[in-house]
Every structure is written in structure tokens, then in C-alpha cells.
Amino acid sequence: MVESGESLRELLLHLWHILPFALLTVLPVVLLGALLLRVLRNGSLSSAMTVLVLVPVAAVVVGVLGISGFMFTTTLTTMLLISLLVTLVTVPLAVLMGRRIARRSVWEHEARERERAAEASRRELVAWISHDLRTPLAGIRAMAEALADGVVTSPEEVSGYAHRIGSETHRLSTMVDDLFELSRITAGALRLTMSAVPLREVISDALSAQTPVAERKRVRVRTEAQAWPVVLGSDPELARIVYNLVSNAIRHTPPDGTVAVQVGVDGGDAVLSVDDSCGGIPETELNRVFEVAFRGTSARTPSPDEHVGGGLGLAIAKGLVEAHHGRIAARNHGPGCRFEVRLPLAAGHT
């Protein structure tokens, strides 16, 4: 027993006598704790934190019991009670801290994954857009040089070149508009002026704009409505959603095919679905159709003489739908695929 007033030499001598007994009793506890940590290495962080807290407390208790020879004196009993109180306080704290650290670790991992995915998407977008911008620019440059050098002189050829330059310029303008819209969505700079918007008018305007394209490709566009709901949204952005979905359906539907636009109400949502005749989307690609610059495989590749979009239309549609607190999904349906949009109904409208 260590007495008060002992010299340093006597204290060291006591330590030398106690050390073997302390090691013999403490080491098994420490080794058991290390074994438990190894078993729990793939388990929850809360369990590991609890073991880390319990091991030193248990080692102290077992060490003191071993050295005292299990002689329960008043001092030993007091020490055991204090150890019990320390355990009751520290174990719940360890569990809470473990859960908090685990949640933070998961959040940081997900944030890193989102950042990597966004960076990969940006690189892919730059590659696609760079290619798509070069194509019309090269055509415009070649035709402008031909007109400037007098290679084309007849009025018919000059008119044809002017018409083609106008078409290529329109393509460039559309790409730039899409990029601007996508940048507003991804940057969180999209500001919507919400009001009650009748879907009948939005769909009618979007289909009117697509009629020339559909007729040129000999694609039938039909509309079916169980009801004409009124939704809470912004008119221009809603029109952009319908325009992009119908345009995408017409682009991927072969000649003499059909694009069906269906409207209805389900609970508190207005439901808009656009069916095409594209031949279907591979199951492995269904969850990628709304990614930026994704164009799919040959099953949805249009004919060689048809302009392929920049792969931004569906990504923009998804961003705009989510900005309206709605949902959009794609699935194979019949001879093609179906894009379904759910938007909240305006208050007082069913």
C-alpha cells in the first residue's frame, strides 16, 4: 500500500512491484478490446466508439481489482462506483458522437461523389457542345466563303446557301439558349413567377410549334385528355418542358410513327405523359436519360440526315419540373418509351 509522505525512491519501488500484476490483468482486457475493434471494423462507428470508451475503463477496473487481490475495501468500492458513473456518462456520449461522425462521414462521401459526378458531367458537356458548335460553324464558314469568293452565283444557289446559313444559325442559337437555361438551373439562379396555368393552353402552344417538324418527318401527334387540369407553375417554363418532351419524342420516332400526349389528374397532381415509338430504351440507360449530354445508343439514334440535339433537352426538362416541385420519370412503354411528368395542381383546381 502506498503511504503518504513516501520518497520518490519508495514510490518507484512500489511501481516496480505493481507493474507485473497491472500488465497481467490489463493486457488481456486491451487485447480483447483490440479483437472486438477488429471484428467491428466493418460495423457501425457508434459500436467502435463504445468499445474505445469501455476498454480503458474496464482495464482500470480489472487492474485495480487484480492488484488489490479482490479485497473490497472502502477505497476500492468508491473507485468502482466512480468507474460505473464514468461508464454511464461516457458510453451514451460515445454512441451519440459515433452517430454524428458517421452521418458527417456519409454526407462528406456523398458530397464528394456528387462533386465528381458533376465534374464528369461538365467535362462531357464541354466535349459534346464543342463538337456540336464546330459542325454548324464550319458549315456557315464554308458557305460564307463560297458566297464571298463568287463560287456560287446563280440566284437559286445563293438563296439555297442563305437558307442553309439561316438554319445553321438557328441551330447555334438553340444550343446557346439551352446552355443558358441549363446554367440557370444548375446555378440555382432560376426564378419562377408562379400562378395558376391551364395545361390545355401550354400543350396547345407547344404542339403548334412542333407541327411543322412532325409533318416534315411524317410523324402523327395526337392528344388525349381525361381532364384539363390547372397547375401551379410558370407559363414559359411549363411550355419549355412540354416543348422539350414532344420535340424529343418526334426526333426519336421513325417516319409514320405516332407520338401520344396524354393528360389527366391523379390525386393532387396533374399528370402529363408523352409516348413515342422509339423502339425502347435499354434498361441500363433508363436512369441516365436525364443526364446532361446523354444521347443513348443506336436504338434511339435518329436518321443520318436529321439534326441531333445537344443532349440538353431532357436535362433541362428535369430541372424545370423539379423547380416546380414536380417529378419526371422515363420507362419503356408499348412500341417506345413514356416520359411522365407530375405537377402539383393549383389551389382550388382539381
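Source: prediction; values computed, not measured.

Visitor: Mind showing me how you'd approach helix α5 (residues 199-217) here?
Guide: One turn of an α-helix holds 3.6 residues; hence residues three or four places apart share an orientation. In this model α5 runs 26 Å from its N-terminal to its C-terminal C-alpha over 19 residues, within 8% of the 27 Å that 1.5 Å per residue would give. When the local axis directions of α5 are compared, the greatest deviation, roughly 45°, occurs at Gln 210, which is followed within four positions by the proline Pro 212. Contacts from the buried residues of α5 go to β1 (195-198), β2 (220-225), β3 (230-233), α6 (235-252), β4 (258-266) and β5 (269-275). Of the residues flanking the end of α5, it is Arg 218, one or two places downstream, whose phi is positive at about 60°.

Visitor: Can you help me understand the sheet that holds β4 in this one?
Guide: The pairing of strands in a sheet happens through backbone hydrogen bonds and is either parallel or antiparallel. Taken together, the five strands give an open sheet; going across it, the order is β2-β4-β5-β7-β6, and neighbouring strands pair in mixed fashion. Each of the sheet's edge strands pairs with one partner strand only, and the pair in question is β2 and β6 (327-333). For this sheet, the mean inter-axis angle between neighbouring strands, taken without regard to orientation, is 15°. The sheet contact formed by β5 and strand β7 (residues 336-344) spans seven bridges and is antiparallel. Across the sheet, the residue bridging to Asp 275 is Arg 338, located in β7. Seen against the sheet, α6 touches β2, β4, β5, β6 and β7 and runs at an angle of roughly 175° to β7. Taken strand by strand, helix α7 (residues 313-323) contacts β6 and β7, and its axis lies near 135° from that of β6.

Visitor: What is the right way to look at the packing of helix α4 (residues 155-186) against α7 in this model?
Guide: Describing two packed helices takes the angle between their axes plus the distance from one axis to the other. Here α4 crosses α7 at 35°, and the two axes come no closer than 10 Å. The hand of the α4/α7 crossing is left-handed. Residue-level contacts link Asp 178, Glu 181, Leu 182 and Ile 185 of α4 to Ala 315, Ile 316, Gly 319 and Leu 320 of α7. In the contact of α4 with α7, the residues fall into five nonpolar, one polar and two charged.

Visitor: What exactly am I supposed to notice about α7 here?
Guide: Here α7 has its buried residues at Leu 314, Ala 315, Ile 316, Ala 317, Gly 319, Leu 320 and Val 321. Turning to α7, the residues buried within the fold contact α4, α6, β6 and β7.

Visitor: Sorry if this is basic, but what is going on with the packing of α5 against α6 here?
Guide: At their nearest, the axes of α5 and α6 sit 9 Å apart, and the two run at 25° to each other. Considering the angle they form, α5 stands roughly parallel to α6. Along this stretch, α5 crosses α6, giving a crossing that reads as right-handed. The residues of α6 that touch α5, namely those facing Val 202, Ile 203, Ala 206, Leu 207, Ala 209, Gln 210, Val 213, Ala 214 and Lys 217, are Asp 235, Leu 238, Ala 239, Val 242, Tyr 243, Val 246, Ser 247, Ile 250, Arg 251 and His 252.

Visitor: Mind showing me how you'd approach the packing of aromatic side chains here?
Guide: Given two aromatic rings, one states the distance between the centres and the angle between the planes to describe the pair. This structure, assessed with the given rule, holds one aromatic pair. When the ring of Phe 290 is compared with that of Phe 339, the centres are 5.9 Å apart and the planes differ by 85°; the resulting orientation is edge-to-face. Linking Phe 290 in the loop between β5 and α7 with Phe 339 in strand β7, this pair joins segments that are 49 residues apart in sequence. The lysine or arginine in question, Arg 164, covers the ring of Tyr 161, its NZ or CZ lying 5.5 Å from the ring centre.

Visitor: Please explain the side chain of Thr 253 as it appears in this structure.
Guide: Within the element layout of this structure, Thr 253 appears in the loop between α6 and β4. By relative accessible area, Thr 253 is classed as buried at 1%. Here the side chain of Thr 253 touches Ser 277 through a polar contact of 3.3 Å, landing on its backbone nitrogen. Residues contacting Thr 253, with those up to four places away along its chain left out, are Lys 217, Val 219, Thr 258, Val 259, Asp 276 and Ser 277.

Visitor: So what exactly am I meant to see when it comes to the pattern of salt bridges here?
Guide: Side chains that carry opposite charge are capable of pairing whenever their charged atoms lie near each other. Under the defined criterion, the tally for this structure stands at 14 salt bridges. Put simply, Arg 141 and Glu 145 hold a salt bridge, and the shortest N to O gap is 3.3 Å. In this pair, Arg 141 and Glu 145 both sit in helix α3 (residues 74-148), four residues apart, roughly one turn of the helix. The exposed category is assigned to Arg 141, whose relative accessible area is 60%. Across the pair Arg 184 and Glu 237 runs a salt bridge, and its minimum N-O distance is 3.8 Å. Residue Arg 184 is found in helix α4, and its partner Glu 237 is found in helix α6; the two are separated by 53 residues along the sequence. Look at Glu 237 and you get buried, because its relative accessible area is 9%. Connected via shared salt-bridge partners are Asp 178, Glu 181, Arg 184, Glu 237 and Arg 240.

Visitor: Explanation requested: the environment of Phe 290 in the structure shown.
Guide: The exposure class assigned to Phe 290 is buried, which follows from its relative accessible area of 14%. Among residues more than four places away in sequence, those in contact with Phe 290 are Leu 314, Ala 315, Lys 318, Ile 328, Ala 329, Ala 330 and Phe 339.

Visitor: Mind showing me how you'd approach the nonpolar core here?
Guide: Across soluble globular proteins, nonpolar side chains show a tendency to be buried alongside one another. With 46 residues, the main nonpolar core has Ile 203, Leu 245, Phe 339 and Val 341 as its most contacted residues. Put simply, the parts of the chain that give this core at least two residues each are α4, α5, α6, β4, β5, α7, β6 and β7. With residues near it in sequence (within four places) discarded, Leu 245 still touches Val 274, Leu 314, Ala 317, Ile 328, Phe 339 and Val 341.

Conventions we followed
Residues numbered from 1 in each chain as written. Predicted model: local features only at pLDDT ≥ 70, side-chain atom pairs only at ≥ 80, totals over all residues. Heavy atoms only, no water. Helix = DSSP H or I, 4+ residues; strand = E, 2+ residues; numbered from the N terminus. Expected span 1.5 Å × (residues − 1). Bend = angle between axes of the 7 residues up to and from the residue. Contact = heavy atoms within 4.5 Å. Pairing = 2+ DSSP bridges. Axes fitted to C-alpha atoms, helices over the stretch in contact; angles between N-to-C directions. Left-handed = near helix turned anticlockwise from the far one by under 90°. Nonpolar A, V, L, I, M, F, W, Y, C, P; charged D, E, K, R; others polar. Buried < 20%, exposed > 50% of the residue type's maximum accessible area, 1.4 Å probe, protein only. Parallel < 35°, antiparallel > 145°, perpendicular 65-115°, else oblique. Phe/Tyr/Trp six-rings, centres within 6.5 Å; stacked < 30°, edge-to-face > 60°. Lys NZ or Arg CZ within 6 Å of the ring centre and 35° of its normal. Polar contact = N/O pair within 3.5 Å; in protein donor to acceptor, adjacent residues only side chain to side chain. Salt bridge = Lys/Arg side-chain N within 4 Å of Asp/Glu carboxyl O. Core = buried A, V, L, I, M, F, W, Y, C linked by side-chain atoms within 4.5 Å.

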